[in-house]
Amino acid sequence: MSLGRRLRRLVNVERALNELEELKALNKSLEVRATGRQDKLDTLKKEQESLQAELAELPSNNKERQREIRARMFELNETIKARYNAYQTLIDIEKGEIIAPLYAKLLTAVQEVSVKEGYELVLFDDRSLQIPNGVQSVVNDAIQQKSVLYASNRIDITDQVVLQMNNKFQAGAD
C-alpha cells in the first residue's frame, strides 16, 4: 500500500455510534423513561374508555351526567394529545443529550486511532447516504452534501474506532 493511501481513512459515524455498547446502555435507560411515560398515557386512555362505556350505559334523560362525561372526555383527549407531543419532544431532547457526548467521544477515539496508526486524514464516510428522488432542489442539496463518491472498504476504520470505544466503556473509562 502506498504511503498516500495509508494516510487516508474513513469512518462511518452512524454505524460506529449504533454499534457502541454505551449507546445501547443509554438507550435502555431512555426506554425505561419512555415506558413510564407511555404508562401514564395508557392510564388516561383507560379512564377515557371507562367514561365512554359509562356514557353508553346512561339513560338518555340524564343530560347533566352526559355533559359532565363529555366534558371530561374532551379534557382527557386534549391532555393525551398534549402529553404525547410533550413526551415526543422530551425523547428527542434526551436522544440529543445521549448522542452529542458520544459523538465527542467518537472524535477522540478517531484521533487516538489515527495518531496510533499514523493516519493523517480521516473523513466522514457518507457513501451509504442515498440521494432521494423528487424535487430537484432536494436532490441537488443531497448531492452537494456528499463528500465521498467512492472509497475502497479497505480504508474504513470504523471497526477499530468502535472496538476502542467499547473497550473503554467496558473498562469504565470515560
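Residues numbered from 1 in each chain as written. Predicted model: local features only at pLDDT ≥ 70, side-chain atom pairs only at ≥ 80, totals over all residues. Heavy atoms only, no water.

A. View of the environment of A109. One can find A109 in helix α4 (residues 63-117). Excluding anything up to four places from it in sequence, A109 contacts V161, Q164 and M165. (Helix = DSSP H or I, 4+ residues; strand = E, 2+ residues; numbered from the N terminus. Contact = heavy atoms within 4.5 Å.)

B. A look at the packing of helix α3 (residues 21-57) against α4. Packing of α3 against α4 leaves a shortest axis separation of 9 Å and a crossing angle of 175 degrees. As summarised for this structure, α3 and α4 are arranged roughly antiparallel, according to the angle between their axes. For the contact of α3 with α4, a count of residues per class yields 19 nonpolar, 6 polar and 14 charged. (Axes fitted to C-alpha atoms, helices over the stretch in contact; angles between N-to-C directions. Parallel < 35°, antiparallel > 145°, perpendicular 65-115°, else oblique. Nonpolar A, V, L, I, M, F, W, Y, C, P; charged D, E, K, R; others polar.)

C. Main features of a nonpolar patch on the surface. Taken together, the side chains of I99, Y103 and L107 define a hydrophobic patch exposed on the protein surface, amounting to about 240 Å² of accessible area. Overall, I99 belongs to the partly exposed group, its relative accessible area being 33%. (Patch = residues over 30% accessible without salt bridge, like charges linked within 9 Å, V, L, I, M, F, W, Y side chains within 5 Å. Areas by Shrake-Rupley, 256 points an atom, 1.4 Å probe, with all protein chains shown as cover. Salt bridge = Lys/Arg side-chain N within 4 Å of Asp/Glu carboxyl O. Buried < 20%, exposed > 50% of the residue type's maximum accessible area, 1.4 Å probe, protein only.)

D. Spotlight on the packing of α3 against helix α6 (residues 158-170). For the pair α3 and α6, the least separation of the axes is 8 Å and the interaxial angle reads 55 degrees. The pairing of α3 with α6 is recorded here as oblique in orientation. When α3 is examined against α6, the residues E21, E22 and A25 are found in contact with a partner set consisting of N166, F169 and Q170. For the contact of α3 with α6, a count of residues per class yields 2 nonpolar, 2 polar and 2 charged.

E. The pattern of salt bridges, seen in detail. For the structure shown, the criterion picks out 15 salt bridges. Its salt-bridge partner being R65, residue E68 comes within 3.1 Å of it at the nearest N-O pair. Here the residue E68 and the residue R65 both occupy positions in helix α4, the gap between them amounting to 3 residues, near one helical turn. Relative accessible area serves as the criterion here: at 39%, E68 is assigned to the partly exposed category. Residue K81 pairs with E78 through a salt bridge whose shortest N-O separation is 3.1 Å. Linking K81 with E78, this pair stays in helix α4, spanning 3 residues, or about one helical turn. With a relative accessible area of 43%, K81 lands in the partly exposed category. Given a relative accessible area of 33%, E78 falls into the partly exposed group. Residues joined in a network through salt bridges with shared partners are R15, E19, D156 and D159.

F. Representation of the environment of I143. Structurally, the position occupied by I143 is in helix α5 (residues 136-145). When its relative accessible area of 46% is taken as the criterion, I143 is described as partly exposed. In sequence terms I143 and G172 are 29 residues apart; their C-alpha atoms lie 41 Å from each other.

G. A look at the nonpolar core. In this structure, L20, L106 and V161 are the most contacted members of the largest nonpolar core, which totals 18 residues. Secondary structure elements with two or more residues in this core: α2 (13-18), α3, α4 and α6. With 6 residues, the top contributor of residues to this core is α4. Counting residues in each nonpolar core, the second largest holds 10 residues, with L41, L58, I80 and Y87 among its members. (Core = buried A, V, L, I, M, F, W, Y, C linked by side-chain atoms within 4.5 Å.)

H. Structural view of α4. In a regular helix each residue adds 1.5 Å, so 55 residues correspond to 81 Å; α4 covers 79 Å between its end C-alpha atoms and thus fits that length. Remark: G118 follows α4 within two positions and exhibits a positive phi of approximately 80 degrees. (Expected span 1.5 Å × (residues − 1).)

Read these as spatial facts, not as claims about activity.
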